[in-house]
Amino acid sequence: MGRDRAPRRPARGHRARGGAVSDPANGTQNGVDTEPLLSLRGIGRHFGSGTGTTHALRDITFDVFPGEFVAIIGPSGSGKSTLLNVLGLLDTASEGEYRIAGSSVSSLSQRQRDTLRAHTLGFVFQASHILPGESAAENAALGLRIQGVALPERRAAVRGALERLGILARAQALGKNLSGGERQRVAIARAIATGPRLLLADEPTGALDSENSARIIEHLHTLNAEGVTILVITHDPVVAASATRRLVLTDGRIREEAGVAAAPQQEPPHHAALQARPAHRTTPPDRRPARGRTRSGIARFGDEILEAISTHAGRPGRTMMLLFAFLLGAGGLVGSIGLSQSAAAQVSQRLTSAGLDEVVVSSLGGGIVTDPASSTRIRELEGVVGVGYRAQVSAVNARVSLLPPGTVAEQPGFTGRTMYASAEYLRLVTATTRPASAPAVLEATWSGDVALVGAAAARELGIAEAAPGMRIFVAGTPVEVIGIITSAGRESLLDSSVVLSPALADRVRGEQAELVVRTQPGYPAALAAAIPPIVAPGNPGVVTVQTVADLRALQRGVNADLGTLVGIISIVLLVLACLSAATSMYLTVRARAAEIALRRAVGASRAMIWRMFTLEGATIGAAGGLAGSAAGIAMVLVASGVQQWTPILDPAIIGVGVLVGTLTGIAAAAYPALVAARADPAQAIRE
Ligand SMILES: Nc1ncnc2c1ncn2[C@@H]1O[C@H](COP(=O)(O)OP(=O)(O)OP(=O)(O)O)[C@@H](O)[C@H]1O
């Protein structure tokens, strides 16, 4: 259907029903177009179902021929916008047949509909839907960008369109700085830059004063005179009067306004601008720009990335928030990887410094270890360099303070370690003291209750120097500080330790007593086997011997634990970053509904919209990842500096940060991009 025969293309004042088509072979008669550009037969559109059904359009039948200027008028709610959306392929009719240039739209794929919208149709909306952060020229180029038209052609077409609308001088002004009239002219420039055959305009003068309205009407007529078919929805009687044909919609039904054939010949009374309206042409010239050169896939992708970046630049507040979310995620990841690697290296370094020359002996209950005979027997074994003694004192037992307990209301608790150690132990771990003789004094039982204090412990306790009469209190007992450990040697914890003399052992209980046996290189394994029967001949099973080989297994365990911990922290941080970014992007999609609809209207496919938001996520994620890498590296450097570790920073970690940021950005954008791609443009354009 839709091919009712009529003798020739009606010049003006067509019937509302049964528009004419003749000569299907070429659609012309004597050089005059006879095939309708638009043909509607029995079109209906209803929303909802059952008793709540709204019939917005009912049995709409009419044709629009090339070169016509048709006004659709009607009261509010009569279905005008719905009709325009159906005509513009932003919405689909519930029933009837709609043909554009002879092709039934119901047989077209979504992609073909997008292409048809991009190349054949141009839209001008009541709210001009100008992108506020982009210049007038960039706004006008939107359709061409979506079509992938090469830059020189794009520039030329945009320049031509802006010039025709008399707004070239404002080409570089941002959309948000344009006046209402200027916006609408840019919107028309955007619509015509792609060289459409049909311009669909919804209340193009609705928000304008009479002077600006007159200019817009003039421009529409100039375009019409150049061959663009115009279909305009309007409440403005002047626009309606200037059309060559008027269709009236009432309650979703259409009728041709009686006696309109002569209407276009009359000059509208109060728009002087229209006096210059050119005569209506029957055969429009083909105004479509040559589309020989479109951008290659890579160049288009580059354009899309630039567009994503420019979108971020146009919304600095939101961009900073998103950037911060990704910065935290990627920074946490990079920082925790760097810190765990540095910490693992530190553990390795400790173990290496323990070297292959150490055996640690402990026993159940500790009695065997504390027996001086055990040390003497071990010392006699081949390969033994020395035997040192150490024992921990639990914090509960130690209660170290500078002033006697109870003399001041509250004393800060000492957070370091309290231990017993023999002078030989201090020598074996190569600790140094001031005075150098302090370790020997520590062991001499006649010296009474004395202690050595590590440099960091001394700072914490507020001890400047070991001096006669300088005391601390350990479990309420006054203890003289006889020296400061100036260098902790191989046992770095000594720095923050208080080392007590054995004379205190009867009042302050020690635990985990151990003998540290320093050996010649290569002896630990043999000594580990030899020591238990020597120190506990009757029951060697109560003796535990640890060598560095055991500690290496421990190191692997520690590294694995650190790795797991880092993994969990990183995943939590990334998930949080992803969730907060996804929320923000989802809100953005909602806020940009009109922009999405506009892009769909000028020909963007669903895939393009999906790509646009995904690229926005990827670019902000990559930027956040880069910033996060920098922050993470700074964190590792600062923490290592404070801990006096050697920072371990693999340069590849920057790449990891950027990659993880990008992937998180894509993941965050996935759902919002899908929502955007699926958005109903007809619905969004109303909002
Ligand atoms: N998505 C929708 N869901 C439900 N009802 C809808 C939807 N779109 C339009 N309608 C209804 O269809 C009818 C026609 O609406 P439409 O917006 O096309 O009218 P209009 O003539 O353009 O009105 P106005 O001049 O006020 O913009 C109205 O009753 C409207 O509420």
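Residue positions within a chain follow its written sequence, with the count starting from 1. In view of the model being predicted, local features appear only for residues whose pLDDT reaches at least 70, and side-chain atom pairs are presented and counted only at 80 or more, with totals across whole chains, interfaces and linings using the full set of residues. Just so you know, side-chain values use all the structure's heavy atoms and leave hydrogens and water out.

In the nomenclature of an unreviewed UniProt entry, the protein corresponds to ATP-binding cassette domain-containing protein from the organism Mycetocola tolaasinivorans. The protein has a UniProt comment under Sequence similarities (unreviewed entry) that states "Belongs to the ABC transporter superfamily. Macrolide exporter (TC 3.A.1.122) family." UniProt positions are given in the numbering used here, feature names are shortened, and annotations may be inferred rather than shown by experiment.

### Here we look at unusual backbone geometry
Here Arg 434 and Pro 435 are connected by a cis peptide whose omega angle stands at -5°. Within the secondary structure layout, Pro 435 lies in the loop between strand S17 (432-434) and helix H15 (438-443). In this model, Leu 89 sits at a positive phi of 60°, which is unusual for a non-glycine residue. Only runs of H or I of at least four residues qualify as helices and only runs of E of at least two qualify as strands under DSSP, and these elements are numbered from the N terminus. Following the sequence through the fold, Leu 89 ends up in the loop between helix H1 (80-87) and strand S6 (95-100). We note that Ala 475 has phi near 50°; this positive angle belongs to a residue other than glycine. Here Ala 475 is to be found in the loop between strand S19 (471-474) and strand S20 (477-487). Taking the relative accessible area as the measure of exposure, Ala 475 reaches 23% and is therefore partly exposed. Burial classes follow relative accessibility: with a 1.4 Å probe on protein chains only, a residue under 20% of its type's maximum area counts as buried, one over 50% as exposed, and anything between as partly exposed.

### Examining the packing of aromatic side chains
Here the aromatic set is Phe, Tyr and Trp, taking the six-membered ring for Trp, and pairing holds for ring centres within 6.5 Å; pairs whose planes are under 30 degrees apart are stacked, those over 60 apart are edge-to-face, and all others are tilted. Following the criterion strictly, the structure yields one aromatic pair and no others. Each ring, one from Tyr 586 and one from Tyr 671, has its centre 5.9 Å from the other, and the planes form 15°; the classification is stacked. In this pair, Tyr 586 sits in helix H18 (residues 548-591) while Tyr 671 sits in helix H21 (residues 652-678), placing the two residues 85 residues apart along the sequence. Take Tyr 586: its relative accessible area is 28%, and that puts it in the partly exposed class. Residue Tyr 671 is classed as exposed on the basis of its relative accessible area of 52%.

### Looking at the pairing of strand S16 (residues 417-421)
For S16, a buried count of five out of five residues is recorded, marking the element as mostly surrounded by other parts of the structure. Here S16 shows two buried faces, one formed by Arg 417, Met 419 and Ala 421 and the other by Thr 418 and Tyr 420. By the bridge criterion, four bridges tie strand S14 (residues 384-393) to S16 in an arrangement that is antiparallel. What sits directly across from Arg 390, in S16, is Ala 421. Summarising the sheet, S16 and strand S21 (residues 497-500) pair through four bridges and their orientation is parallel. Across the sheet, the residue bridging to Arg 417 is Ser 497, located in S21. At least two bridges found by DSSP between two strands are what make those strands a pair.

### Brief notes about a nonpolar patch on the surface
Patch definition: residues above 30% relative accessible area lacking any salt bridge, with like charges linked at up to 9 Å and the nonpolar side chains Val, Leu, Ile, Met, Phe, Trp and Tyr linked at up to 5 Å. Using a 1.4 Å probe, the Shrake-Rupley method yields the accessible areas, and only the shown protein chains count as cover for residues. Whenever Lys or Arg places a side-chain nitrogen within 4 Å of a carboxyl oxygen from Asp or Glu, that contact is recorded as a salt bridge. Nonpolar side chains collect at one region of the surface, where Ile 568, Val 572 and Leu 576 lie side by side and expose about 280 Å² of accessible area between them. With respect to the helices and strands, Val 572 occurs in helix H18.

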